[in-house]
Amino acid sequence: MTIRSNNFIGDVRKRKTGAQYKKKLIEVAIPLEVINAAAVREKSIRHGHPSTLHLWWARRPLAACRAVLFAQLVDDPSSNPDKFPTEAAVEEERKRLFAIIEELVKWENSTNEEVLERARAEIRASCGGELPPVYDPFSGGGSIPLEAQRLGLPAYGSDLNPVAVMIGKAMIEIPPKFKNMEPIHPSIKDRSFYRNAEGLAEDVKHYGEWMREKAFERIGHLYPKVDLPQEHGGGKATVIAWIWARTVPSPDPAFADVHVPIASSFLLSSKKGREAWIDPVVDRASKSITYEIRTGGSKNDWAKAKEGTKQRRGAHFRCLMSGTVITPDYVKKAGKSGEMGQSLLAIVAEGKGGRKYVAPNEAHVHTAFSDRAAKVAKEGRETFLSGETPARLTGGTCHGYGLDEWGKLFTDRQLVALNTFSDLVHEARVQIEADALADGMNPDPTPLREGGKGAKAYAEAVSVYLGFIVDKCSDYWSSICSWGTF
Ligand SMILES: C[S@@+](CC[C@H](N)C(=O)[O-])C[C@H]1O[C@@H](n2cnc3c(N)ncnc32)[C@H](O)[C@@H]1O
């Protein structure tokens, strides 16, 4: 994103007010409780929240950004003694400004033009009739430029990290370029008026589905359906997850040839009335562990399942065969020496009336490790995924467990899928440009990065969001992704 200059807010204040220093509202008082409550509420809003576009760390709540921008730009009434000569008049005016903030921070009012316009009018009144530019030099997930833009202020941001810059562009820069445009994809039937970024969003959805269909043609065979047991109505169902656990050789010499699971939970669903969990069936005589699915049960069953093979103490586990304690060091040693394995514990399928949990079967284990998948994965691991994972990281790292290269964070099948989808982002871009031209869009070949607005730039814009989908997938389609039991 373009960086114009530093310290815009300070500059504007000096320029507009001359030598006389005018205090801004934020320097005197802001309605903290109201802002905090709106910020807390916002945390629970997932659908349609800009933060769900792409993960970024330490995002500031949008409500707080909006309020802080407003309070930084609007004068405190005590700065205008001509208009507010008494303490009572100052207090009254502050109350009025607080009421504006109270409305401004509400999530429902994020697109309420009336409320936003009221805030803009106050900013103009304090900034010499202008809406001054705002620049966040460490913009990260882009909350501050986004809220500045919402308040009508020319917004700028920058960041050291290119991913953050891309998020900022996708959130702030690209949508206004293609504002109020109809979608270009050929199958669109509803040619009614599209507001703001609705047309762009419609195309992202369409070409995202296009990618899914193409991917299914190419790698669908790696994702076979599962046979549902009779109690789930029989027939075949689409699998939505395979639940694996990493395994290590039992630390008990009597069972050293048996791999035991390191499972932090066996619970599959904690949803009321739909409780389900994995029940490991241990046969010491034949030295085997198989996994059954149980449903219903009692609080005790669920609590026990929730423990997996964890010990209450620290990061210790227990051997399912012998009960021997498995220490973190033992797990790390197994990981580093290549002795760590994996076991399929359960399959989650999409059945009629909701998720169905099915016991693992050998055919599904084999499909996950097909020779073709292994070949593609090997290539990836030896090339662009050969880099080292961080050895130290706030919150912990997998490095010490032998997962010391990026390629080791994915199963063979996951790598095949990620490769397929990232190839498809490029193919989609070509397809979008062709469809846009066929739809009569401006054939200007200027790319998006050079300010283009034609078919080429549009195809690039849509593919930015498609690329974000692959980013999100690489988070969920990794071997360190855990199963949410909700
Ligand atoms: C706390 S985050 C900002 C979060 C942002 N305000 C939001 O709400 O999403 C801090 C950002 O500063 C960036 N950063 C760190 N050092 C930087 C530098 N020297 N120049 C530019 N950006 C930097 C980081 O990449 C990170 O995205």
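The rules we used
- Residues numbered from 1 in each chain as written.
- Predicted model: local features only at pLDDT ≥ 70, side-chain atom pairs only at ≥ 80, totals over all residues.
- Heavy atoms only, no water.
- Helix = DSSP H or I, 4+ residues; strand = E, 2+ residues; numbered from the N terminus.
- Buried < 20%, exposed > 50% of the residue type's maximum accessible area, 1.4 Å probe, protein only.
- Contact = heavy atoms within 4.5 Å.
- Areas by Shrake-Rupley, 256 points an atom, 1.4 Å probe, with all protein chains shown as cover.
- Lys, Arg positive; Asp, Glu negative; His and termini not counted.
- Charge placed at Lys NZ, Arg CZ, Asp CG, Glu CD.
- Salt bridge = Lys/Arg side-chain N within 4 Å of Asp/Glu carboxyl O.
- Pairing = 2+ DSSP bridges.
- Axes fitted to C-alpha atoms, helices over the stretch in contact; angles between N-to-C directions.
- Domains from an automatic or database assignment.
- Parallel < 35°, antiparallel > 145°, perpendicular 65-115°, else oblique.
- Nonpolar A, V, L, I, M, F, W, Y, C, P; charged D, E, K, R; others polar.
- Expected span 1.5 Å × (residues − 1).
- Core = buried A, V, L, I, M, F, W, Y, C linked by side-chain atoms within 4.5 Å.
- Near = heavy atom within 4 Å.
- Polar contact = N/O pair within 3.5 Å; in protein donor to acceptor, adjacent residues only side chain to side chain.
- Phe/Tyr/Trp six-rings, centres within 6.5 Å; stacked < 30°, edge-to-face > 60°.
- Lys NZ or Arg CZ within 6 Å of the ring centre and 35° of its normal.

A. Inspection of the overall build of the chain at higher detail. A tally of regular secondary structure across the chain gives 15 helices and 12 strands. Each of the three principal axes of the chain carries a C-alpha extent, and together these read 90 × 60 × 45 Å. Counting every position in the chain, which comprises 486 residues, the buried fraction comes to 44%. Intrachain contacts of the chain at a sequence separation of at least 6 include 63% that bridge at least 24 residues. Counting every atom, the chain has about 26,100 Å² of accessible surface; 54% of that belongs to carbon and sulfur. With 67 positive and 62 negative side-chain charges, the chain shows a spacing of 3 Å between the two charge centroids.

B. Summary view of the pattern of salt bridges. According to the stated counting rule, one finds 24 salt bridges in the structure shown. Two residues, Arg66 and Glu147, come together in a salt bridge whose shortest N-O distance is 2.6 Å. Of this pair, Arg66 sits in helix α4 (residues 62-73) while Glu147 sits in helix α7 (residues 143-150), and the two are 81 residues apart along the sequence. For Arg94, the salt bridge identified is with Glu91, shortest N-O distance 2.9 Å.

C. Looking closely at the sheet that holds strand β6 (residues 267-269). Ordered in space as β6-β7-β8, the 3 strands form an open sheet in which the pairing is antiparallel. One side of each edge strand has no neighbouring strand; the edge strands of this open sheet are β6 and β8 (288-295). Across the sheet, the mean angle from the axis of one strand to that of its neighbour is 30°, orientation sign disregarded. Inspection of the sheet shows β6 paired to strand β7 (residues 276-283) by 2 bridges, in the antiparallel sense. Across the sheet, the residue bridging to Leu267 is Trp277, located in β7.

D. View of the domain arrangement of the chain. Domain annotation for the chain reports domain 1 (8-177) and domain 2 (226-362). Taking the mean C-alpha position of each, domain 1 and domain 2 sit 49 Å from one another.

E. Representation of the packing of helix α13 (residues 371-382) against helix α14 (residues 412-438). Their axes nearest at 8 Å, the elements α13 and α14 cross at an angle of 75°. Between α13 and α14, the crossing angle belongs to the class labelled roughly perpendicular. Residues Ala373, Ala374, Val376, Ala377 and Arg381 of α13 pack against Asp412, Arg413, Leu415, Val416 and Asn419 of α14. Within the contact of α13 with α14, the residues separate by chemical class into 6 nonpolar, 1 polar and 3 charged.

F. Molecular detail of helix α9 (residues 198-219). Over its 22 residues, α9 extends 31 Å from the first C-alpha to the last, a length consistent with the 32 Å expected when each residue adds 1.5 Å. For α9, every residue scored as buried is listed here: Gly199, Leu200, Asp203, Val204, His206, Tyr207, Gly208, Trp210, Met211, Ala215 and Ile219. Looking at the packing, one finds that the buried side of α9 touches α8 (162-177), α13, α14 and α15 (455-476).

G. How the structure looks around the nonpolar core. Grouped together as the largest cluster of nonpolar side chains are 42 residues, with contacts concentrated most on Phe178, Met211, Ile432, Tyr458 and Leu466. Of all the secondary-structure elements, those providing two or more residues to this core are α8, α9, α14 and α15. For this core, the leading source of residues is α15, giving 12 residues. Once residues within four sequence positions are removed from consideration, Met211 is found in contact with Phe421, Leu424, Val425, Ala428, Leu466 and Val470.

H. Quick peek at the site of the ligand. Close contacts around the ligand come from 14 residues, with Trp56, Arg60, Gly141, Ser143 and Asp159 the closest. Residue Trp56 places a side-chain N or O atom 3.0 Å away from an oxygen atom belonging to the ligand. Contacts to the ligand include Asp159, whose side-chain N or O atom sits 2.7 Å from an oxygen atom.

I. Inspection of the packing of aromatic side chains at higher detail. Taken as a whole and assessed by the stated rule, the structure comprises 5 aromatic pairs. A cation sits over an aromatic face here: Arg413 above Tyr223, 5.1 Å from the ring centre. The ring of Trp242 carries the charged tip of Arg413 above its face, separated from the ring centre by 3.8 Å.

J. Representation of the side chain of His316 within the structure. Topologically, His316 is positioned in the loop between α10 (299-307) and β9 (317-318). Residue classification places His316 among the buried residues on the basis of a relative accessible area of 15%. In contact with His316, not counting residues within four places along its chain, are Lys310, Gln311, Val325, Ile326, Thr327 and Pro328.

K. Examining the environment of Gly484 more closely. Mapped onto the elements, Gly484 comes out in the segment after α15. On the basis of relative accessibility, which here comes to 23%, the residue Gly484 falls in the partly exposed class. In sequence terms Gly484 and Ser269 are 215 residues apart; their C-alpha atoms lie 8.1 Å from each other.

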